[in-house]
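# Examining the three-dimensional arrangement
Okay, here's what each chain looks like letter by letter:
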Amino acid sequence: MSEKHINLTLYVWRQKNAQDEGGFVTYEAKHVSTEMSFLEMLDVVNEGLIRKGEEPIAMDHDCREGICGQCGVVINGRPHGPRERTTTCQLHMRSFEDGDTITIEPFRATAFPVIKDLIVDRGAFDRIIAAGGFISAPTGSAPDGNAIPVKKTCADLAMDAAACIGCGACVAACPNASAMLFVSAKISQLALLPQGQPERYSRVKDMVAQMDDEEFGTCTNHGECEAACPKAVSLENIARMNRDFIWSSLTYRPESGGSGGA
Amino acid sequence: MPVAEQYLDSAGKGGFMVSSVGKKVVMAITGVALFGFVTVHMLGNMQAYMGREPMNHYAEFLHTMIHGAGIWVFRAVMLVAVVLHGWAALSLTLDNWKARPKGYRAQQLQAATWSSRTMRYTGVILGCFIVYHLLHLTTGQAHPDFKPGDAYGNFVTGFQQIGASAFYIVAQLCLGLHMWHGVWSLTQTFGWAHPRYNKLRRTFASVITAVVVGGNISFPIAVLVGIIR
Ligand code: HEM
Ligand code: SF4
Ligand code: FES
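Residues numbered from 1 in each chain as written. Chains lettered and ligands numbered in written order. Predicted model: local features only at pLDDT ≥ 70, side-chain atom pairs only at ≥ 80, totals over all residues. Heavy atoms only, no water.

## As for the overall build of chain A
Test applied: Secondary structure is summarised from DSSP: a helix means a run of H or I of at least four residues, a strand means a run of E of at least two, and numbering begins at the N terminus for each. Residue exposure (1.4 Å probe, protein chains only): buried if accessible area is under 20% of the type maximum, exposed if over 50%, otherwise partly exposed. In this analysis, two residues are considered to be in contact whenever any of their non-hydrogen atoms come within 4.5 Å of each other. The protein chains shown are the only cover counted for residues, whose accessible areas, like all others here, come from Shrake-Rupley with a 1.4 Å probe. Positive: Lys, Arg. Negative: Asp, Glu. His and the chain ends are not part of the count. Here the site of a charge means NZ on Lys, CZ on Arg, CG on Asp, or CD on Glu.
Assigned secondary structure in chain A consists of eight helices and seven strands. With the principal axes as the frame, chain A shows a C-alpha extent of 75 × 40 × 40 Å. Across the 262 residues that make up chain A, the buried fraction comes to 52%. Within chain A, contacts between residues separated by at least 24 positions form 69% of all contacts whose residues are at least 6 apart in sequence. Accessible surface, chain A: about 12,100 Å² in total, of which carbon and sulfur atoms supply 50%. With 25 positive and 35 negative side-chain charges, chain A shows a separation of 3 Å between the mean positions of the two kinds.

What follows is the structure, given as structure tokens:
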């Protein structure tokens, strides 16, 4: 595809800090190469702002190759913009037409407070992982890699869930700001593997409890998360999480009370 | 606060009924009871097409089964189901509104349906409808010419009023919207997802919704056009 140059009007959410009210500011982006990524386009706009002595637009990014999950803004009402299975950093300006207006907003959720402009605090995700999204294994005596057989289909499903980069687009897209796609992916990637079994049913309980504490909403099965996810994480993971949660509740027993009379 | 402490802080909380997933399960279990009921209710009412005798006989059976205790046990179960369903719906809806106090300038939804987005509203309409329906054809206060024991007669004179019939039809369309998403949604809540059955889940929701709503809507229409009189 040959390079073109397009002119755009941007409505960008500007907010000084968490306390500031914030609002949209209009910018003209002239002569934008269609070969730029969306973040490069914003870089160029920011260079212009810096040259004029204005505060550049703050946005999150790191790898710029679609694997770290740092980037992510809502572009024309869709997290990560109009292309399916594409992060904001991997979205290119050839997805837009000359003369387009583009609205750029931060992810909106009580659990993701805005820090500045387009940057939100996704620490809630870290706390959910810390609540149970791990396995406990003795270190220093790593077992042989192939000692534990894993069924191919389970390995594949676990890998599909593990593709989640923790970007938060699912929360941003959900009309209820529910984090269930993320949480269920992080539960599934362990629940599907033998190494995840010992903590399987305490993990789901703890992670769901932490998710609720962080004030995410609840899934009503709209399917918006799956449509927005840059890694195509499937709704099937949410079903698996629900199933494990039900089983965990039905079979719950307090940890210290394991006397059993024997 | 360090992450680990925050975790310990909240580790004590979280019983089934306060958990978001737990409330979804309450909604799904009571949803099964409700949609099971509307299905059987519709099939029972099909006897209106057989005439006064069979319908009134069926009504009498319902009132006298297990020496008259059956219907009260049944009513208690339905009451509990409706109250729990409404409670879970209200509680989750409030949480969801709190989770997204500020919306987007122009959100472009990709996957949500009309049916999924109107669940809480069709639910409230159904709640109002249930109250009206009980006052209309069960206790009679909202009926112009109620005769205790004559279910068939009350059914016919009730639907001869065009206003009542119109409200029934609107309520049934709401029921259709609510059931179509609800029946699919509850399979997801119970965790019944598998590529082999995913299409079947949608199909089942569509068929059961069409049958129940179609059957129910046929009653007022049949009375108004004089097929049942
Ligand atoms: C004949 C009456 C009703 C039937 C058959 C019914 C059925 C259902 C079913 C099967 C679900 C799905 C549960 C799940 O997602 O797992 C559901 C969800 C729901 N119902 Fe009802 N319901 C009825 C009445 C009501 C009433 C009276 C209300 C409101 C007070 C209500 C509000 C809701 C809400 C808000 C949801 C959640 C929406 C969602 O999961 O997307 N429903 N209902
Ligand atoms: S599930 Fe998808 S949208 Fe959600 S955090 Fe993971 S990668 Fe992002
Ligand atoms: S910057 Fe790493 S995924 Fe976009």
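What follows picks up the thread again.
## A closer look at the interface of chain B and chain A
Note the cut-off: A quick way to say it: buried area is the sum, across both parts, of accessible area lost when two parts are put together, with a 1.4 Å probe. Any carboxyl oxygen of Asp or Glu that lies within 4 Å of a side-chain nitrogen of Lys or Arg is treated as forming a salt bridge with it. Polar contacts, as counted here, are pairs of nitrogen or oxygen atoms within 3.5 Å of one another; within protein the pair requires one atom able to donate a hydrogen and one able to accept it, and residues that are adjacent in sequence qualify only if both atoms are side-chain atoms. Put simply, Ala, Val, Leu, Ile, Met, Phe, Trp, Tyr, Cys and Pro go in the nonpolar bin, Asp, Glu, Lys and Arg in the charged bin, and everything else, Gly too, in the polar bin.
Listed as interface residues are 43 residues of chain B and, on the opposing side, 52 residues of chain A. For the pair chain B and chain A, the two sides together bury roughly 3,900 Å², of which 52% comes from carbon and sulfur. Inspection of the region where chain B meets chain A yields zero salt bridges. Counting every contact that joins chain B to chain A gives 25 residue pairs in polar contact (both at pLDDT 80 or more). Within the residue set of the side of chain B that touches chain A, elements represented by two or more residues are helix 1 (3–11), helix 2 (20–45), helix 4 (69–99), helix 5 (114–117) and helix 8 (162–189) of chain B. The residue makeup of the side of chain B that touches chain A, split by class, is 18 nonpolar, 17 polar and eight charged.

## Some thoughts on the pattern of salt bridges
Residue and element names in this part refer to chain A. The tally for this structure, following the rule as stated, stands at 15 salt bridges over all chains. Taking the shortest distance from any N to any O, the salt bridge between Arg127 and Glu214 comes out at 2.7 Å. Here Arg127, found in helix 2 (residues 123–130), pairs with Glu214, found in the loop between helix 6 (200–213) and helix 7 (224–228); they are 87 residues apart in sequence, far enough to count as distant. According to the relative accessible area criterion, Arg127 is partly exposed, its value standing at 22%. You can call Glu214 buried: its relative accessible area is 11%. One salt bridge in this structure joins Asp156 and Lys152, with 2.9 Å as the shortest N-O distance. On the criterion of helical spacing, the pair formed by Asp156 and Lys152 is a turn pair, its members being four residues apart in helix 3 (residues 152–162). Using a relative accessible area of 35% as the deciding quantity, one classes Asp156 as partly exposed.

## Brief notes about the nonpolar core
What counts, and what does not: To define a nonpolar core, start from buried Ala, Val, Leu, Ile, Met, Phe, Trp, Tyr and Cys residues and group those joined through side-chain atoms within 4.5 Å.
Residues Val171(A), Val183(A), Phe216(A) and Met241(A) are the most contacted members of the largest nonpolar core, which totals 56 residues. Among the nonpolar cores identified, the runner-up in size contains 27 residues, and Tyr27(A), Leu39(A), Val73(A) and Leu118(A) belong to it.

## Structural notes on the domain arrangement of chain A
All names here are of chain A. Quick note on the threshold: Where each domain starts and ends comes from a domain assignment, either automatic or drawn from a database.
Each domain of chain A was delimited in the assignment, giving domain 1 (5–105) and domain 2 (122–136 + 146–250). The distance between the C-alpha centroids of domain 1 and domain 2 comes to 29 Å. Both faces combined, the contact of domain 1 with domain 2 buries some 880 Å², and carbon together with sulfur accounts for 54% of it. If you sort the residues of domain 1 by the area they bury against domain 2, Gly69, Pro79 and Arg85 come out on top, with a joint share of 48%.

## Quick look at the environment of Gly123(B)
Residue and element names in this part refer to chain B. Along the chain, Gly123 turns up in helix 6 (residues 119–138). The exposure class of Gly123 is partly exposed, given its relative accessible area of 24%. Distance from Gly123 to Val212, taken between C-alpha atoms, is 16 Å for residues 89 residues apart in sequence.

## Observations concerning the coordination of the iron atom of ligand 1
In an ideal tetrahedron of four donors about a metal, each angle is 109.5 degrees. In an ideal octahedron of six donors, the angles are 90 or 180 degrees. What counts, and what does not: Because no water is among the atoms considered, metal sites can look incomplete, with donors defined as N, O and S atoms within 2.8 Å of the metal, or 3.2 Å for Na, K and Ca.
The protein atoms that coordinate the iron atom of ligand 1 are His85(B) (NE2) and His178(B) (NE2), at distances spanning 2.0 Å. Here His178(B) falls in the buried class, since its relative accessible area comes to 16%.

## Things to note about the site of ligand 1
Put simply, the rule reads: For this purpose, a residue is taken to be near a molecule or strand whenever a single non-hydrogen atom of the residue falls within 4 Å of it.
Lining the immediate surroundings of ligand 1 are 23 residues, of which Lys24(B), His85(B), His178(B), Ser185(B) and Thr189(B) lie closest. The residues that come close to ligand 1 belong to more than one chain, namely chains A and B. Between an oxygen atom of ligand 1 and a side-chain N or O atom of Lys24(B), the distance comes to 2.9 Å. Counting only elements with at least two residues in the shell around ligand 1, the list comes to helix 2, helix 4, helix 6 and helix 8 of chain B. Partitioned by chemical class, the residues of the shell around ligand 1 number ten nonpolar, eleven polar and two charged.

## Things to note about the packing of helix 2 of chain B against helix 9 (residues 198–224) of chain B
Any two packed helices are characterised by how steeply their axes cross, that is the angle between the axes, and by the distance between the axes. Residues and elements named next belong to chain B. Under the convention used in this document: For helices, the fitted line uses only the C-alpha atoms of the stretch in contact; every axis is such a line through C-alpha atoms, and the angle between N-to-C directions lies from 0 to 180 degrees. What sets the label is the angle itself: under 35 degrees gives roughly parallel, over 145 gives roughly antiparallel, 65 to 115 gives roughly perpendicular, and the rest give oblique. Handedness of a crossing follows from how the near helix is turned relative to the far one, being left-handed for an anticlockwise turn of less than a right angle and right-handed for a clockwise one.
Remark: helix 2 packs on helix 9, axes separated minimally by 9 Å, with the N-to-C direction vectors making an angle of 45°. Comparing their axes, helix 9 and helix 2 come out oblique. Considering how the two elements wind past one another, helix 2 and helix 9 form a crossing that is left-handed. Listed contacts from helix 9 to Phe35, Val38, Thr39, Met42 and Asn45 of helix 2 are Phe204, Ile208, Val211, Val212, Gly215, Asn216 and Phe219. The residue makeup of the contact of helix 2 with helix 9, split by class, is eight nonpolar, four polar and no charged.

## Observations concerning the site of ligand 2
Residues and elements named next belong to chain A. Around ligand 2 sit 13 residues, and of these Cys164, Cys167, Gly168, Cys170 and Cys229 come closest. Secondary structure elements with two or more residues in the shell around ligand 2: helix 4 (169–173) and helix 5 (180–191). Each residue belonging to the shell around ligand 2 can be placed in one class, and the counts come to eleven nonpolar, two polar and no charged.

## Quick look at the pairing of strand 5 (residues 101–105) of chain A
All names here are of chain A. For clarity, the cut-off: Pairing between two strands is assigned when DSSP locates at least 2 bridges connecting them.
Judged by how many residues are buried, strand 5 sits mostly within the fold: four of five residues are covered. Judged from the four bridges that link them, strand 1 (residues 5–14) and strand 5 form a sheet pairing that is parallel. Bridged to Tyr11 within strand 5 is Thr103. In the sheet, strand 3 (residues 74–75) pairs with strand 5 via two bridges, with the strands oriented antiparallel. Within the sheet, the bridge partner assigned to Ile75 lies in strand 5 and is Ile104.

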